[in-house]
Structures are given as C-alpha cells and as structure tokens.
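What follows is the residue order along each chain.
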Amino acid sequence: MSAAREQILARVRAALAPLTRRAPPPEWDDASAVRRGTRDAADPWALFAERLRAVNGTPLTATADLVALLDAGGWRHGYCDPALWPRLRDAFPAPFTVETAFDRRRIDDYQFGITAATGAIAESGSLILSDRDTSSRLAALAPWVHVATLRRDQIFVDIPAAIAALPADPNVIWVTGPSKTADVEGILIEGVHGPGRQVALLLEP
Amino acid sequence: MARQRIDAYAARIPADTRAAVYLGTKTTHEKRTLLLADHFADADRLRRWAGEVKQHVLENLDTYLPQVEARLQANGAQVHWASTAEEACAAVLGIMQARGATKLVKSKTMVSEEIGLAPYLEQRGIEALETDLGEYIVQIDKDHPSHIVRPIIHKNRREIARSFEREGLGAYNDDPETITRRARQFMRHKYLAADVGLTGANFVSAESGRLVVVTNEGNSRFSLAAPRCHIALVGIEKLVPRDRDLVLFLNLLARSATAQQLTVYTEFISGPKLAAQPDGPEEMHVVFVDNGRTEVLAGDCREILRCIRCGACLNVCPVYRQASGHAYRSVYPGPLGAVLSPLLAGGNFAEKADLPKASSLCGACNEVCPVNIPIPDLLLRLRDRGKREHAAAAAAGTPPMGAWARLASSPAAWKASLAAGRVLNILPLGLIPVPALRAWVAKRSVPAWRGGEFRKWMRRRTRP
C-alpha cells in the first residue's frame, strides 16, 4: 500500500473524528425523481420516440425508412454488426456498400454504423449501449450516422428502472441524441466528435 | 481605500466580452429554472435530497473510500492515490512511462486543470491534447477556462477562427459549424494515435465501483474507444453510496449545467473493456486525488465538497456575470470558486482571501445549487477567517469600521450622532467635495434624515 493512500485515509479519519454525529443518508422515492408524464405513458416506444425526437434523434420503425434516410443523405458506405447484417442485407440494394469489420485505419470511409442497442429509456429518449452488445465502440461513434437497433421489450420506462437494471458490463453508455456542442458563442452545433445523426431502429424479432 | 482585485478586473473587461458572459449565463439560468419546474412537481426536494446524500458521503468517506477501492480492484482497475497536485501528475506520468506511452488525449476534467496536468506532461515530452472543443481552444491559445462548463464563454468566433488559422486548421473561417467540423476532423486522428485516454469522473458509485463520465461532444467516449489505456483522475469527494443515487444526480446535473434532461453521453465505466470488444482500453487506472480536500473536510466549510461542478451558481451570480471567470484568478470561478479556491490554496489562503467578498450575499447560488450548498454561509465563514488571520486581501475594498464600532458601542455618542445627522437635511448635497459621492447623490434623491424617530416611537409604545 502506498504512502499517499495511508496519508489520505489517515487525514480523512482525523477530519471526521470530531464529528459527534454523521449525516445519515436521506430516504427518497424514485417516483419524485421521474419526469412528469413518463409513468402514465401507454406505449413506451411512443414516449421514447417522442423524447428522442425532442433531442434531434431519429426513431424509425421500418428498415426501408432507414435505407431511404441514408440514401437521401448520400450516406452509402458504412459498417454493420456482422450479427445483424444477415437480417438487414436484403434491404440495402446497390449502390450501398457495407462492411462487417471496422478498420480503424480507414475511419473516414464509414458514413454510417449499425450496431445493436442493449436497451433504451423512454423517459429521456436515450439509447443504452454496452460492450457485450456493441460489436465495435468506434463503429458506433465515428461515422456521421449511428443506427442502434432495438426491440420493444428492451425499453425501460424511466431512469430509475434503467439504473436498477444496469448490466454487469464494464462499459455501459446512454446516448441521448446526436453529439453536440455550444462552446462557440453558445450556438448549438451537432456532430462534434460523435455522430451528427442518431437513429434508433425498431427491429422486431 | 484599495479596490477589491475582482472589481479592478471587472472594470477592464471589454464591453462585448461582458455582454457575451452576461447573456450566456442568464439564458442558461432561465432555461434551467423553466425545465426543472416543467419536469418535476418538487425539484427543490430533489436538490435537498442530493445535498443530503453528498453530505452523508463526505462524513463517511473513511468507510466509502476503502470500499470503492476494493470494488474497483475487483473490477480489474488499478487504484492509485495522490496527496498533492505534484503526486497526481507524477502518478499519470508514471503510468504512461511504464507503458512506453508518449501521447495522451484528455477529456474535460476540472481536477486536471487544478493540478496543472497538461503543462506538466508537455514539459516532460508527452503530448497531452485537450479534446473538448472549448478546452482545445483554451489550450492552443495558452489561456485558461473562464467557466467550468463553458470554458470559452469569454471568446468570440473571430478570435477562435484566428486561432484555428494560426494552428494550421484551414484558412480563416468564423462560421461555428466550420470550426466544429475542422476540430472533428483534426481530433479523430489524434484519438487513434493516442496511447492513453484520460478522463475525470462526475460520480463514482462506492457500491459497484462504476465511474460515471458525462459529455455532450462525445470526446470522452472517443478517448475510451481508440486508446488502449484509460486513466481517470478523481477527486476523493466524487463518491456516491449506491448506483441508485445516480438517479438523483444525473437528473440534476445536466438540467443545472446546461438545461438538458441528460447530457448526450452518460458513460458508466467499471473496468477495462470486454475481451470480445475490439475497441477500448485493456488497462484502467483510477487516481484518487486529495490536493487539499482532506483539509477542507476537517474545517467548517466541508459542505463545499458536495459540489458536482454544474456551474449553475456561476450562471446565476450577479458578480460572475459582471466580472467573468478570470477575475477569480483560480481554476474554480464564481460562488463555488469563491469558497473552494481560498480553501484549496492551503498555506496561500491570504492571497485568495478577497474572493469570499466577491458576493452580495443575495443567496441565489444556494437556491440553484443541485446539492443545496449553503454558499452564502460559507462565504461569511471565510470572510471571518480572512479578518481573523489579518489577510490584507480580505480588507481591500472594505471601509474602516473602527470609528463606526466605537460610535455604535456607546449609547450616548450614538444618540448624539443621531441628532447631529439632522444637519444633512439642510446641507447642499450637490456641493459635497468628494466627486464619487457627489455623482452618487446627483442621480438619487436622498431621503430626509430622521435619526432618532424609531427610539421615540419605541418609548411611546413601551410607556403609553
């Protein structure tokens, strides 16, 4: 054990020793911390889609709509999780070209990346990604368009439910809309280091 | 009477900078208030709970610190401890040297500013690149952040465009979208070339050892997707007891900081990447930094350690809005900085003893604080300390109160002066020989002196 460790812990103990009473943790309820209009939503997907749109994300329910969106944007070369590609392949006609391995040396070649989500949160319009389900962290981040596929049964209604069910995974990330900044004069610009377009694609089993 | 340094600084700020800071902070503050009221029936209660959770953590750090260390180690992370800024910088350098690493990409972390990490590493031949757009601009300009959430709130697009041109990022173009795209293109190849990604942590769960890092730009995610080694610099006060507590803090942090429900990226990291995952760190280090925090914990201002660095108190503060961040001569500006900076200064407290006076004690900082820190109370305690320690900086800008104290502690002298004050009613105030006072009264109507009336009224009341 390092000297710094012992020194810091000794100082902490000395600092707290004079306290006759230590502040107890408060009792608080999840319901008070959930945004209005969340728990009474009838359809979690509908609420998720509404809140995702509110942060400039794009919810889609049909693969054909995804292909149309990519085509309209001129994004015709990308990456797809090899496990998802057999299901999606037929929807992507020429001139689309898709790779199922992400080569980081050609990071600028990929205009879109399609990976599987671990879940979603309706309350905030967030997609949940994890190491176990994301075939490549870079492919879900570096291309201009990121598409996360999602099933209805993966949607948590609210943040307390999503926190309670955090997977045993070394890396879980909630993605709430496209990457953005307001550093320059407070003006909102999307697509800073991550995707400028964030898509959630509902894919039923 | 010497002016307070912060006043002197504020007087020199260019008008357009002041206007930008004022507008930026005011807009964010107003959006924050509307959003909280719109989303929650009782947002105030959430603030109080969050404050109580953090106070509980602080007063039980002797339990939580060893607990989180054990969890992190069980998760496969290596834990380091640093008592001072120098030790923290040396720990990062040591980890890098052990791997033969020479390039580091850095996500925005206030504690790295506090310990001066980037200059330390650069002096030792390590490339340490800021990846947050605002922090990158601060770095290439050899400037300092002036706001903890919006580091370049004091700069305009023309200055930024000139800096980009100078750094070879393309011909002059001050369109914010072009500036952002150029940074995107430049930075992604830096991430790929980097050996180490460095982040801070907004929260660390003692229960699970999960580090939570939030950003909007995605730079922390990139720093954890391309490099093979992750170093997290974490102040020892960043703990929360359980994962569940993150519900409160995540809900409050983004709304308070930028009036967002959540930041775009909220990342929960509990160890090196999964073996099957092609991207990300194979090695994870967590450096717990004291750098004066245990001294603050031992004192009577320990509530300031609850701070989650959202910047809401900066945005609402009438002094910050006029003076802007650099006026505080510290990494942490605004009301939180006026408390924390003198405390973290340790033996140099006297040099920062004027900062607790940079406040009208209006209390707005406490009202917006997501962890309900009683900042005005803490400012008063530090003013008291400055006075007791005879810090010259604490006396600047304060009129001498000795004569007043003598007057107010002698009933006879007090009564006589109340009566004598009536002479003000017949003096021509426009002829006051002090120009500043003359200017003051020229724009205002001075009420008639009625010294002693209250005493008369009291006598009539108590002896009818």
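Everything numeric here is computed off the predicted structure, so don't read it as measured data.

S.K.: Explain the overall build of chain A to me, please; I cannot follow it from the model alone.
M.R.: Within chain A one finds 5 helices and 12 strands. Within chain A, the fraction of its 205 residues that count as buried is 50%. At a minimum sequence separation of 6, the contacts of chain A that also span at least 24 residues come to 73%.

S.K.: Help me understand the packing of helix 16 (residues 334-344) of chain B against helix 18 (residues 375-388) of chain B in this model?
M.R.: Describing two packed helices takes the angle between their axes plus the distance from one axis to the other. Residue and element names in this part refer to chain B. Running from amino to carboxyl end, helix 16 crosses helix 18 at an angle of 40°, the nearest separation of the two axes being 10 Å. Between helix 16 and helix 18, the crossing angle belongs to the class labelled oblique. The element helix 16 and its partner helix 18 pack so that their crossing is left-handed. Listed contacts from helix 18 to P335, L336, A338, V339 and P342 of helix 16 are I375, L378, L379 and L382. Residues belonging to the contact of helix 16 with helix 18 are distributed by class as follows: 9 nonpolar, no polar and no charged.

S.K.: Could you clarify how one ought to interpret the sheet that holds strand 9 (residues 171-175) of chain A in this entry?
M.R.: Strands pair in a sheet through their backbones, by hydrogen bonds, and they do so in one of two ways: parallel or antiparallel. Sheet architecture is open: 8 strands sit in the order 8(A)-5(A)-6(A)-9(A)-9(B)-6(B)-5(B)-8(B), paired in mixed fashion. Because the sheet does not close on itself, it has two edges, and the strands there are strand 8 (155-156) of chain A together with strand 8 (239-240) of chain B. By the bridge criterion, 3 bridges tie strand 5 (residues 119-121) of chain A to strand 6 (residues 126-130) of chain A in an arrangement that is antiparallel. Among the inter-strand pairings, A120(A) is bridged to a residue of strand 6 of chain A, identified as L127(A).

S.K.: Sorry, what's going on with helix 2 (residues 15-39) of chain B here?
M.R.: Because the α-helix completes a turn every 3.6 residues, residues three or four places apart line up on one side. Residue and element names in this part refer to chain B. Between its terminal C-alpha atoms helix 2 stretches 36 Å, which fits the 36 Å expected from 25 residues at 1.5 Å a residue. Within helix 2, burial applies to V21, G24, T25, T28, H29, R32 and L36. Where the residues of helix 2 are buried, they touch helix 3 (43-58), helix 12 (246-258), helix 14 (312-316) and helix 15 (318-323).

S.K.: What is the right way to read the environment of D103(A) from this model?
M.R.: All names here are of chain A. Topologically, D103 is positioned in the loop between strand 3 (97-99) and strand 4 (112-116). Under the C-beta neighbour-count criterion, D103 is labelled exposed, with 12 such atoms within 10 Å. For the pair formed by D103 and L138, sequence separation is 35 residues and the distance between their alpha carbons is 9.5 Å.

S.K.: Quick question: what am I supposed to make of the sheet that holds strand 3 (residues 127-130) of chain B here?
M.R.: All names here are of chain B. An order of 1-10-7-4-2-3 is seen for the 6 strands of this open sheet, with the pairing classed as parallel. With one partner strand each, in any of the chains shown, strand 1 (78-82) and strand 3 form the two edges of the open sheet. Across this sheet, the average inter-strand angle for adjacent strands is 20°, counted without regard to direction. With 4 bridges connecting them, strand 4 (residues 196-199) and strand 7 (residues 229-235) associate as parallel partners. In the strand pairing of strand 7, G197 is matched with H230.

S.K.: For this particular structure, what's the right way to read the interface of chain B and chain A?
M.R.: The parts lose accessible area when they come together, and the size of an interface is often stated as this lost area. The interface of chain B with chain A comprises 73 residues on the first partner and 60 residues on the second. The greatest single-element share of the side of chain B that touches chain A, amounting to 8 residues, is contributed by helix 10 (residues 176-193) of chain B. Looking at the side of chain B that touches chain A, its residues break down into 34 nonpolar, 20 polar and 19 charged. When strand 9 of chain A meets strand 9 (residues 265-269) of chain B, the two strands line up antiparallel, connected through 5 bridges. In the sheet register, V172(A) faces strand 9 of chain B, and the bridge partner there is F268(B).

S.K.: Just to check I follow, could you spell out the domain arrangement of chain B for this structure?
M.R.: Domain boundaries assigned for chain B yield domain 1 (5-12 + 294-395), domain 2 (40-291) and domain 3 (411-462). Relative placement of domain 2 of chain B and domain 3 of chain B: their C-alpha centres are 57 Å apart.

S.K.: Explain the nonpolar core here, please?
M.R.: What tends to happen in soluble globular proteins is that the nonpolar side chains get buried as a cluster. Residues A120(A), F249(B), V287(B), V289(B), I304(B), C313(B) and V339(B) are the most contacted members of the largest nonpolar core, which totals 184 residues. Here the element with the most residues in this core is helix 12 of chain B; it accounts for 9 residues. There are two domains that each give this core at least three residues, and those are domain 1 (5-12 + 294-395) and domain 2 (40-291) of chain B. Setting aside residues no more than four positions away along its own chain, C313(B) makes contact with G334(B), P335(B), L336(B), C365(B), V368(B), C369(B) and I375(B).

S.K.: Where do I start with the pairing of strand 6 (residues 211-215) of chain B in this structure?
M.R.: For a regular strand, side-chain orientation follows a simple rule: the groups alternate between the two sheet faces. All names here are of chain B. Counting buried positions along strand 6 yields 5 of 5 residues, so the element is predominantly enclosed. Alternating residues of strand 6 divide into L211, V213 and T215 and V212 and V214, and every residue in both groups is buried. The hairpin formed by strand 5 (residues 203-205) and strand 6 contains 5 residues between the paired strands, and G209 there has a positive phi angle of roughly 75°.

S.K.: Hey, could you run me through the packing of helix 9 (residues 157-166) of chain B against helix 10 of chain B in this one?
M.R.: All names here are of chain B. Two elements in contact, helix 9 and helix 10, have axes whose closest approach is 10 Å; the angle formed by their N-to-C orientations is 35°. The handedness of the crossing between helix 9 and helix 10 comes out as left-handed. Across the interface between the two elements, R157, I160, A161 and F164 of helix 9 pack against P176, I179 and R182 of helix 10. Taken together, the residues of the contact of helix 9 with helix 10 sort by class into 5 nonpolar, no polar and 2 charged.

S.K.: Can you help me understand the environment of T118(A) in this one?
M.R.: All names here are of chain A. Looking at the secondary structure, you find T118 in the loop between strand 4 and strand 5. Considering only alpha carbons, one finds T118 and F92, 26 residues apart in sequence, at a separation of 24 Å. Those residues within four positions of T118 in sequence are excluded, and the remaining contacts are I128, L129, S130, D133 and P167.

S.K.: Would you explain the confidence of the model for chain B in this entry?
M.R.: Where the model shows low pLDDT, its predicted coordinates should not be examined in detail. Looking at chain B, the pLDDT average stands at 94 and 99% of residues meet or exceed 70. As a predicted assembly, this complex carries a pTM of 0.92 together with an ipTM value of 0.98.

S.K.: Just to check I follow, could you spell out unusual backbone geometry for this structure?
M.R.: Most of the time, phi is negative for any residue but glycine, and the peptide bond is trans. The omega torsion of the bond from A94(A) to P95(A) falls at 10°, within 30 degrees of zero and hence cis. Examined against the element boundaries, P95(A) turns out to sit in the loop between helix 4 (85-88) and strand 3. Of note, the phi angle at A259(B) is positive, near 55°, even though the residue is not glycine. If you trace the backbone, A259(B) turns up in the loop between helix 12 and strand 9. Residue class for A259(B) comes out partly exposed when judged on the 19 C-beta atoms lying within 10 Å of it.

Cut-offs and rules
- Residues numbered from 1 in each chain as written.
- Chains lettered and ligands numbered in written order.
- Predicted model: local features only at pLDDT ≥ 70, side-chain atom pairs only at ≥ 80, totals over all residues.
- Helix = DSSP H or I, 4+ residues; strand = E, 2+ residues; numbered from the N terminus.
- Buried ≥ 20, exposed ≤ 12 C-beta atoms within 10 Å, placed from the backbone.
- Contact = placed C-beta atoms within 7 Å.
- Axes fitted to C-alpha atoms, helices over the stretch in contact; angles between N-to-C directions.
- Parallel < 35°, antiparallel > 145°, perpendicular 65-115°, else oblique.
- Left-handed = near helix turned anticlockwise from the far one by under 90°.
- Nonpolar A, V, L, I, M, F, W, Y, C, P; charged D, E, K, R; others polar.
- Pairing = 2+ DSSP bridges.
- Expected span 1.5 Å × (residues − 1).
- Domains from an automatic or database assignment.
- Core = buried A, V, L, I, M, F, W, Y, C linked by C-beta atoms within 7 Å.
- pLDDT = per-residue confidence, 0-100.

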